[in-house]
Amino acid sequence: MSTILYELTNDPSNMNAVLVLKSPLTIQNAQELKNLFQQALAQAKNLYILHDEVDQFDISYLQLLIALDKTATSLKKTVRVTGHQPVRFSELLKLCGLPTFSWLEKETIVDEQTEEQR
């Protein structure tokens, strides 16, 4: 089993949690990531996920995000993927033909041209 590198912080009111992911978000880590998402969602009403330090993504991560969003909605909680969206994540969304989801903050998607200018 792989170990996912992450930081999970909660505000004192337990209203907001920030989950910063730092490991490849691939099928090899899917079960551990699912458990981490469940733990993080249980601790707060609003969960913010940042993955801007990650350079490997696959469809299993997208499936987990969609399932997490559906679970959060049923619990009257919110999930947002925020911060800088790496090009590889944006490419994966396009490759999978996925529409924009409520959990993905539109203004944070970075296209390849913008990424190259940084």
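Everything below is about the structure shown above.
Residues numbered from 1 in each chain as written. Predicted model: local features only at pLDDT ≥ 70, side-chain atom pairs only at ≥ 80, totals over all residues. Heavy atoms only, no water.

(A) Region of interest: the pairing of strand 2 (residues 16-21). Here strand 1 (residues 6-10) runs beside strand 2; their pairing, made up of five bridges, is antiparallel. Residue pairing in the sheet places Thr9 in a bridge with Val18 of strand 2. Counted along the chain from strand 1 to the antiparallel partner strand 2, the turn is five residues long, and its residue Asn14 has a positive phi close to 60°. Strand direction decides the pairing type here: strand 2 and strand 3 (residues 46-50), joined by five bridges, are parallel. Each residue of the ladder has a partner; that of Asn16, found in strand 3, is Asn46. One crossover worth recording links strand 2 to the parallel strand 3 by way of helix 1 (residues 30-43), and it is right-handed. (Pairing = 2+ DSSP bridges. Helix = DSSP H or I, 4+ residues; strand = E, 2+ residues; numbered from the N terminus. Right-handed = clockwise from strand over helix to strand, strands pointing away.)

(B) The arrangement of the sheet that holds strand 1 in detail. Overall, mixed pairing links the four strands, which are arranged 1-2-3-4 in an open sheet. Of all strands in the sheet, those bounded by a partner on one side alone are strand 1 and strand 4 (78-81). Shown here is a sheet whose adjacent strand axes are inclined to one another by a mean of 15°, direction ignored. Taken strand by strand, helix 1 contacts strand 1, strand 2, strand 3 and strand 4, and its axis lies near 160° from that of strand 2. (Axes fitted to C-alpha atoms, helices over the stretch in contact; angles between N-to-C directions. Contact = heavy atoms within 4.5 Å.)

(C) Inspection of the packing of helix 1 against helix 2 (residues 59-74) at higher detail. Orientation of helix 1 relative to helix 2, taken along the N-to-C sense of each, is 25°, at an axis distance of 11 Å. With respect to helix 2, the axis of helix 1 lies roughly parallel. The way helix 1 lies across helix 2 gives a crossing that is right-handed. Residues Ala30, Leu33, Lys34, Phe37 and Leu41 of helix 1 touch helix 2, and the partners they reach there are Ser60, Tyr61, Leu64, Leu65, Leu68, Thr71 and Ala72. Grouping the constituent residues of the contact of helix 1 with helix 2 by class yields nine nonpolar, two polar and one charged. (Parallel < 35°, antiparallel > 145°, perpendicular 65-115°, else oblique. Left-handed = near helix turned anticlockwise from the far one by under 90°. Nonpolar A, V, L, I, M, F, W, Y, C, P; charged D, E, K, R; others polar.)

(D) Expanded view of the side chain of Glu32. Here Glu32 is to be found in helix 1. Here Ile4 takes part through its backbone nitrogen, which lies 3.1 Å from a polar atom of the side chain of Glu32. (Polar contact = N/O pair within 3.5 Å; in protein donor to acceptor, adjacent residues only side chain to side chain.)

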